[in-house]
Amino acid sequence: DARVTQTPRHKVTEMGQEVTMRCQPILGHNTVFWYRQTMMQGLELLAYFRNRAPLDDSGMPKDRFSAEMPDATLATLKIQPSEPRDSAVYFCASGLNGQGAETQYFGPGTRLLVL
Amino acid sequence: DQQVKQNSPSLSVQEGRISILNCDYTNSMFDYFLWYKKYPAEGPTFLISISSIKDKNEDGRFTVFLNKSAKHLSLHIVPSQPGDSAVYFCAARAAGNKLTFGGGTRVLVKP
């Protein structure tokens, strides 16, 4: 049963600390998405990779957030320094581009609390 | 500027009855629409989708209707079951496979 995995599932940290969230997309998928879910904004797209290349990170605060794909099996989202307003659930999703409109498969999310 | 809106934050329905969830969008470039279902502490899971060239797609108890002229889509669940209690998100896709999500509708199916 292929699925997207995310670590950690929960993270509590103090303001100013670096936070790194990891995602393992479904094997063979070539697109990876990072979303953030908050009560106020719902699900918002932060960044989007295709074949490991960043295609769109316009939804991401550039000064503190960075997203990378070191290899096809790992995507990372870093926040440095973290702030209380970053508290949210961060979802990673993967899909297979090239077969018409793709379906995105979501991981279970990382619940982040910045104190 | 919310391009995809779900105006009903919650919906309560009796088991066995129909659940109707609505979604409105503003961007005429959207060409594909999806519904996702989300349980607490889990990621959204894909439910059903529809291309802009169709006006209806059915999968078991779930039917999605698309009215392009009104920029409106709806999800019908018939009959509703207690296991359908979840948050439902509609999403729309423009070029590049980026999805724009609505704010979600929480459905409660009462036994």
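Thresholds applied
- Residues numbered from 1 in each chain as written.
- Chains lettered and ligands numbered in written order.
- Predicted model: local features only at pLDDT ≥ 70, side-chain atom pairs only at ≥ 80, totals over all residues.
- Heavy atoms only, no water.
- Helix = DSSP H or I, 4+ residues; strand = E, 2+ residues; numbered from the N terminus.
- Rg over C-alpha atoms; globule rule 2.2 N^0.38 Å.
- Contact = heavy atoms within 4.5 Å.
- Areas by Shrake-Rupley, 256 points an atom, 1.4 Å probe, with all protein chains shown as cover.
- Lys, Arg positive; Asp, Glu negative; His and termini not counted.
- Charge placed at Lys NZ, Arg CZ, Asp CG, Glu CD.
- Pairing = 2+ DSSP bridges.
- Axes fitted to C-alpha atoms, helices over the stretch in contact; angles between N-to-C directions.
- Buried < 20%, exposed > 50% of the residue type's maximum accessible area, 1.4 Å probe, protein only.
- Phe/Tyr/Trp six-rings, centres within 6.5 Å; stacked < 30°, edge-to-face > 60°.

What follows covers the overall build of chain B. When helices and strands are counted, chain B shows zero helices and eleven strands. Seen in sequence order, chain B has helices and strands lined up from the N terminus as β-β-β-β-β-β-β-β-β-β-β. Relative to its length of 111 residues, chain B is compact, with a C-alpha radius of gyration of 13 Å against a globular reference of 13 Å. In terms of overall dimensions, chain B has a C-alpha envelope of 40 × 30 × 20 Å along the principal axes. Sequence-distant contacts, at least 24 apart, represent 53% of the contacts inside chain B between residues at least 6 apart. Total accessible area computed for chain B in this model is approximately 5,400 Å², and 50% of it derives from carbon and sulfur atoms. Each charge class in chain B was averaged separately, 13 positive and 9 negative side chains, and the resulting centres sit 3 Å apart.

A word on the sheet that holds strand S1 (residues 5-7) of chain A. Residues and elements named next belong to chain A. The strand order across the open sheet built from four strands is S1-S3-S8-S7, with neighbouring strands paired in antiparallel fashion. Since the sheet does not close on itself, it has two edges, and those belong to S1 and strand S7 (65-71), each with one partner. Between one strand and the next, the sheet's axes are offset by a mean angle of 20°, whatever the strand orientation. Across three bridges, the pairing between S1 and strand S3 (residues 19-24) is antiparallel. Among the inter-strand pairings, Thr-7 is bridged to a residue of S3, identified as Arg-22.

All names here are of chain A. Within the secondary structure layout, Arg-64 lies in the loop between strand S6 (53-56) and S7. Residue Arg-64 is classed as buried on the basis of its relative accessible area, which comes to 8%. With near-sequence residues (within four places) excluded, Arg-64 lies in contact with Lys-78, Ile-79, Gln-80, Pro-81, Ser-82, Glu-83, Arg-85 and Asp-86.

Taken as a whole and assessed by the stated rule, the structure comprises 13 aromatic pairs over all chains. Considering the side-chain rings of Phe106(A) and Tyr36(B), the 5.4 Å spacing of their centres and the 80° angle between planes classify their relative orientation as edge-to-face. Of the two residues, Phe106(A) sits in strand S10 (residues 105-106) while Tyr36(B) sits in strand S4 (residues 32-38), which places them in two different chains. Each of the two residues, Phe106(A) as well as Tyr36(B), counts as buried. With 6.0 Å between their ring centres and 65° between their planes, Tyr25(B) and Phe30(B) make a pair best called edge-to-face. By relative accessible area, which is 6% here, Tyr25(B) ends up buried. Among the aromatic residues, those joined into a cluster by ring pairs are Phe33(A), Tyr35(A), Tyr48(A), Phe91(A), Phe106(A), Tyr36(B), Phe46(B), Phe89(B) and Phe101(B).

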